[in-house]
Amino acid sequence: MASEEDDDPIIQEIDVYLAKSLADKLYLFQYPVRPSSMTYDDVTHLSAKIKPKQQKVELEMAINTLSPNYCRSKGEQIALNVDGTTSEDSNTYSVKMMDKQTFTSIQSTTNTSRYAAAVFRKGELHITPLQGILQMRPSFSYLDKADGKHREREAANEGGDSSQDEVEEDVKAVTVRFSRPESDQARQRRIQSYDFLQKKQAEEPWVYLHYHGLNDGCSDHERQYLYCQAMGGSENTELVKTPKEYLAMLMPPITEEKIVRPVGPSNVLSMAQLRTLPLGDQVKTLLKNVKVIPFANLMGLLTPGTDSTAVLRCIQQVALLVQGNWVVKSDVLYPKNSCSPHSGVPAEVLCRGRDFVMWRFTQERSVMRKEITAIIKLLPEDVKDFLEHMAVPRINRGWEFLLPSDSDFIKKHPDVAQRQHMLWIGIQSKLEKVFNFSKEDLVSKKDPQTAMHVSGEQRLKAAHERARQNQPSLQKDLSARRQGKGGAGPSGGAAVRVKEEPVSDGEDEPMDTSSSALPNGLVNGYPSAATSAALNPHNGHGGTPTPSPSPELRDFVWNMFRKQHVLTLSEVKRLFNLHLASLPPGDGLFRSISDRLLQDTILMSHCKQILVPFPAQSTAAADEQKVFAVWETGETFDKHRQVLYEIFMKNYRVRRNVIQTRLTQEMGDQVTKDDVDRLLKECCVSFGGMWYLKGTLQS
C-alpha cells in the first residue's frame, strides 16, 4: 500500500470553491455550424430575447453587406421575396436587403446537473453550475414568410380568374353538438399531445434583453460573479463531505425503479388483467368488446382448463345464439338510463330495435338496412350501429352476418340450441306486437325480389335448349323469307325486318352486345340480312352492325349528360358501373353493354364528341381523351355551350377572358357575367388561373 502511494505522489493541492451568484442565470452557448476559430464576438448583435421556462433564446446579428463574400443581388432578391415591394414598419428587412440573420436555440441536454463553468485563479478553482446548455443555429423563418407571400399572390391571381369564388356560398344548417365531460385519461393524453405543448410554449412571453460585448464594462463586472464571493468554509458545505458521504455520492445505492403503466383507454383491458376477474365478468367483458364470437374462439381466450359447462352457463346470461354464434345481448350494450349518442333515444327503444336485427339474422344470412329502418322507425345511424355489431356490407346483398354458421356447436350442444330457439320464439312474439308485423309478411315481401344466381354454364345450356326448341319455326320462317324475296337484290329496296327480343327478366339469356366472332343471326340458326351484310363486305357494310340501344340505356345516358354536361368515356363507364352495382341482384337489363354501344348511345342522345387537343406529354388514357358533351337540350343556353366547345376544340386550356370575349363576339353584348359563371360551372374546372373541360385536367 505504501509502495503504491510512493509511485503516485501528490504534486499539488487545489482548493475548489462553489460559486452560486450566477447559478440560476448562467447558460453555455454553442455554435455547432461554425468553427471555434470564427467567433461572433465582434459581430454586431441587434437584439436578444429569451423564454426562461423553455430556455429558448433568439439572437439577431447583423450581416456585413460590404464584405466581398456577400452577394448583393441575392440579398435583395431574398428581401423582395420576404417583404414584397411595399415599405412598412413590419418588414423583416427595412433596407430592402438581407442585412441580418437570426439564431434560435435548442437544448443540448435537459439535465445539466453534471455540468459547470470553472475559472482558475491564484491556485483556486471556482465552479458555477450551469442553468442550461443551448445550441444556437441559424433560423430560416424568413423563408416561411416568403412562401406565405407567394401563396397569397397565387391565391389572389387565381381568385381573379375564378368565377366559383365570386358565387355567394349557400346557407347551410349548422348542427350544434355538446361535448362530453372529459375523463382523467383523456385530459392526460390531451396535455401530452404535441398541439397542446406547442400552444403552451407559444403562451410564454418573450423577455427582451440587452446585449453587452465581450470587452464591455458590464460584462467584466458580471464575470466577477463567477468567483465565490464568500471564501469561508461554512458557505461551501456542499464541497465539505465526510469520506462516507463522499463515497455515497460517487456510488449511490441502487433503488428499484417504479414501473409506470402507460395510460390507456378506459375500455381496454389486458388479457392478464382479464384473467384475474371472475368467470362471469370475463365472459361479459369479452362479449362487450367483440360483440360476436364462436364458442370455440371464446374458450381459446379464457384461461386454459376452464370448464366449458360453466362457460355455457355464463354466456347464456349475456348473449344469444344466432346461426351457431354468440351475439352479446342488447341490454348489456345499452344498460338502463343510457341513450343513443346519435338521436338520444332511450336504451329500452334501442334494445327492441337491436333485438329485431338479431332476430332477422336468425332467419336469413343477409338483411337490407332500409327494410329494417322502415320497421323499427329509428335513425339510420342507430340502425347502422346495430348492423356493424354483427354484420358486414356486401355489394347488392345488403348486410351479411359477420361469421359463418357454426353448425358444429349446434350438433355438439343440441340442448342449448333448443333452449335458445324457444327463447327466440318468445322474443319474436314480443317484437310482432311492438312493431306490428308478422313473419309471413316479411317472407311474402321478400319472395318476388329473390334472385337466383345462375352460372354461365347453366345459361349456355338454357340457350342451346331454346335454340333446339325454336329450330323448326326458324327454318319455316327462313323458307318463307326466301320465297318472299324472289330475285330482289341488295339494291331492290326490300326492307329488312329485325326481330325484337323481349327484355330479359333475369332468367332468360341476355343478348351479348360485346364484340363477338359470331353474329346474332348465326347463333339463332339462320343467316339474316343483317348478318349477310356483315359477313360480305361487298354488300355495302364492312363490319358487324351494332344493336340499337334499349330505351332504358338511352334514358340513363341522357339523364347523366343533362346533369353533368361534359364527361369523358372513362367517367361515363365509371358512372355506368356504379349504376349497375346499385341494381338489385339478378337484374339483367343492362348486361353485356360494349364500349361501342355505349358511345353510339351517347351520340344518339343529342351529344357530340369534343376533339380536345391534348398536349403531347399528356398521360391521359385513350378513354380519358374521348370527351363527350351535350350539344342540344332545347334551351336557349345551348348556343353558349356550343361556342365554349368550339373554343376547346382548338385549345386544351384557356383563360376566362378568352371565353368571355368569344361569347361576346358570337352572342353580342347580352352575355352577362352570370351567364359566364353558369357556363364555367357546368362544363369546366379551374386550376392555376386556367380553365379546362371537365375530366381533361390530369391530376
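Predicted model, so just to flag it, every value in this text is computed and none were measured.

## So, the overall build of the protein chain
So, point 1. A tally of regular secondary structure across the protein chain gives 28 helices and 20 strands.
So, point 2. Relative to its full complement of 699 residues, the protein chain shows a buried share of 31%.

## Here's the deal with the packing of aromatic side chains
So, point 1. What the rule picks out here adds up to 15 aromatic pairs.
So, point 2. Taking 6.0 Å as the distance between ring centres and 40 degrees as the angle between the ring planes, the aromatic pair formed by Phe 356 and Trp 359 counts as tilted. Of this pair, Phe 356 and Trp 359 both sit in helix H13 (residues 347–363), separated by three residues, roughly a single helical turn.
So, point 3. What makes Trp 359 buried here is its relative accessible area of 1%.
So, point 4. Counting every residue linked through ring pairs, the aromatic cluster contains Tyr 31, Tyr 40 and Phe 103.
So, point 5. A cation sits over an aromatic face here: Arg 121 above Tyr 227, 3.9 Å from the ring centre.
So, point 6. Lying across the ring of Trp 631, Lys 608 places its NZ or CZ 4.4 Å from the centre.

## As for the nonpolar core
So, point 1. Val 283, Leu 298, Trp 326, Phe 356, Phe 361 and Ile 376 are the most contacted members of the largest nonpolar core, which totals 54 residues.
So, point 2. Among the elements that make up this core, the one with the highest residue count is H13 (eight residues).

## Description of the sheet that holds strand S12 (residues 325–328)
Hydrogen bonds along the backbone pair up the strands of a sheet, which may run parallel or antiparallel.
So, point 1. If you walk across this open sheet you meet the three strands as S10-S12-S11, and the pairing is antiparallel. One side of each edge strand has no neighbouring strand; the edge strands of this open sheet are strand S10 (292–293) and strand S11 (319–322).
So, point 2. Note: S11 against S12, four bridges, orientation antiparallel. Paired with Ala 319 across the two strands is Val 328, which belongs to S12.
So, point 3. In this fold helix H11 (residues 308–318) packs onto S11 and S12, with an angle of close to 45 degrees to the strand it touches most, S12.
So, point 4. Lying on the sheet, H13 is in contact with S11 and S12; it crosses S11 at an angle near 30 degrees.

## A look at helix H22 (residues 551–564)
So, point 1. Between its terminal C-alpha atoms H22 stretches 20 Å, which fits the 20 Å expected from 14 residues at 1.5 Å a residue.
So, point 2. Positive backbone phi, approximately 70 degrees, marks His 565, located one or two places after H22.

## Remarks on the packing of helix H26 (residues 638–648) against helix H28 (residues 673–683)
So, point 1. Put simply, H26 and H28 touch, their axes get as near as 11 Å, and they point 60 degrees apart. H28 is crossed by H26, and the crossing has right-handed handedness. On the side of H26, the interface is formed by His 640, Arg 641, Leu 644 and Tyr 645, while H28 contributes Asp 675, Arg 678, Leu 679, Glu 682 and Cys 683.
So, point 2. Looking at the contact of H26 with H28 residue by residue, the class counts come to four nonpolar, one polar and four charged.

## Some points on the side chain of Lys 694
So, point 1. Mapped onto the fold, Lys 694 is located in the segment after strand S20 (690–693).
So, point 2. Put simply, Lys 694 is tucked away with no salt bridge, and the nearest opposite charge, on Glu 682, sits 7.9 Å away.
So, point 3. At 2.8 Å, the side chain of Lys 694 and the backbone oxygen of Glu 682 are in polar contact.

## Digging into the sheet that holds strand S13 (residues 366–367)
So, point 1. Across the sheet, which stays open at both edges, the three strands sit in the order S13-S15-S14 with antiparallel pairing between neighbours. Of all the strands in the sheet, just S13 and strand S14 (391–394) have a single pairing partner and so form its edges.
So, point 2. Pairing of S14 with strand S15 (residues 398–401), which is carried by four bridges, proceeds in the antiparallel orientation. Across the sheet, the residue bridging to Arg 394 is Gly 398, located in S15.

## Points about the pairing of strand S6 (residues 116–121)
So, point 1. Two elements, S6 and strand S7 (residues 124–129), share six bridges in a ladder whose sense is antiparallel. Pairing of Val 119 across the sheet is with His 126, part of S7.
So, point 2. Count of turn residues in the S6/S7 antiparallel hairpin: two residues, of which Lys 122 carries a positive phi of about 55 degrees.

## Quick notes on the pattern of salt bridges
So, point 1. In the structure shown here, the tally under the stated rule is 23 salt bridges.
So, point 2. In this structure, a network of salt bridges that share partners links the residues Arg 562, Glu 635, Asp 638, Arg 641, Arg 678 and Glu 682.

## A word on a nonpolar patch on the surface
So, point 1. A grouping of Tyr 246, Leu 247, Met 249, Leu 250 and Met 251 is seen on the molecular surface, where their side chains present a nonpolar patch of about 600 Å² in accessible area.
So, point 2. The residue Tyr 246 is located in helix H7 (residues 243–250) in this model.

## Brief notes about the environment of Arg 365
So, point 1. As for its position among the elements, Arg 365 is in the loop between H13 and S13.
So, point 2. In this structure the C-alpha to C-alpha distance between Arg 365 and Ser 405, which are 40 residues apart in sequence, comes to 9.0 Å.
So, point 3. When neighbours within four sequence positions are excluded, Arg 365 is seen to be in contact with Gln 323, Trp 399, Glu 400, Phe 401, Leu 403, Pro 404 and Ser 405.

## Side note on the layout of surface pockets
So, point 1. Approximately 1,500 Å³ is the volume attributed to the second largest pocket.
So, point 2. Among the secondary structure elements, those contributing two or more residues to the lining of the second largest pocket are strand S2 (27–30), strand S3 (45–51), strand S4 (56–62), strand S9 (207–209) and helix H6 (217–223).
So, point 3. The biggest single contributor to the lining of the second largest pocket is H6, with four residues.
So, point 4. Residue composition of the lining of the second largest pocket, by class: 22 nonpolar, seven polar and five charged.

## A few points about the confidence of the model for the protein chain
So, point 1. Summing up the model confidence of the protein chain, the mean pLDDT is 78 and the portion of residues at 70 or higher is 78%.
So, point 2. Across residues 262–266 the pLDDT falls below 50, and counting only partners more than four positions away or on other chains, this stretch makes five contacts in the model.
So, point 3. Below a pLDDT of 50 lies the segment residues 444–455, which in the model reaches six contacts outside its immediate sequence neighbourhood of four places, other chains included.

Definitions and limits used
Residues numbered from 1 in each chain as written. Predicted model: local features only at pLDDT ≥ 70, side-chain atom pairs only at ≥ 80, totals over all residues. Heavy atoms only, no water. Helix = DSSP H or I, 4+ residues; strand = E, 2+ residues; numbered from the N terminus. Buried < 20%, exposed > 50% of the residue type's maximum accessible area, 1.4 Å probe, protein only. Phe/Tyr/Trp six-rings, centres within 6.5 Å; stacked < 30°, edge-to-face > 60°. Lys NZ or Arg CZ within 6 Å of the ring centre and 35° of its normal. Core = buried A, V, L, I, M, F, W, Y, C linked by side-chain atoms within 4.5 Å. Pairing = 2+ DSSP bridges. Contact = heavy atoms within 4.5 Å. Axes fitted to C-alpha atoms, helices over the stretch in contact; angles between N-to-C directions. Expected span 1.5 Å × (residues − 1). Left-handed = near helix turned anticlockwise from the far one by under 90°. Nonpolar A, V, L, I, M, F, W, Y, C, P; charged D, E, K, R; others polar. Lys, Arg positive; Asp, Glu negative; His and termini not counted. Salt bridge = Lys/Arg side-chain N within 4 Å of Asp/Glu carboxyl O. Polar contact = N/O pair within 3.5 Å; in protein donor to acceptor, adjacent residues only side chain to side chain. Patch = residues over 30% accessible without salt bridge, like charges linked within 9 Å, V, L, I, M, F, W, Y side chains within 5 Å. Areas by Shrake-Rupley, 256 points an atom, 1.4 Å probe, with all protein chains shown as cover. 1 Å grid on protein atoms, 1.4 Å probe; cavity = no way out; pocket = protein on both sides within 12 Å on 5 of 7 lines; lining within 4 Å. Points joined across faces, edges and corners; volume = space filled by probe spheres on them. pLDDT = per-residue confidence, 0-100.

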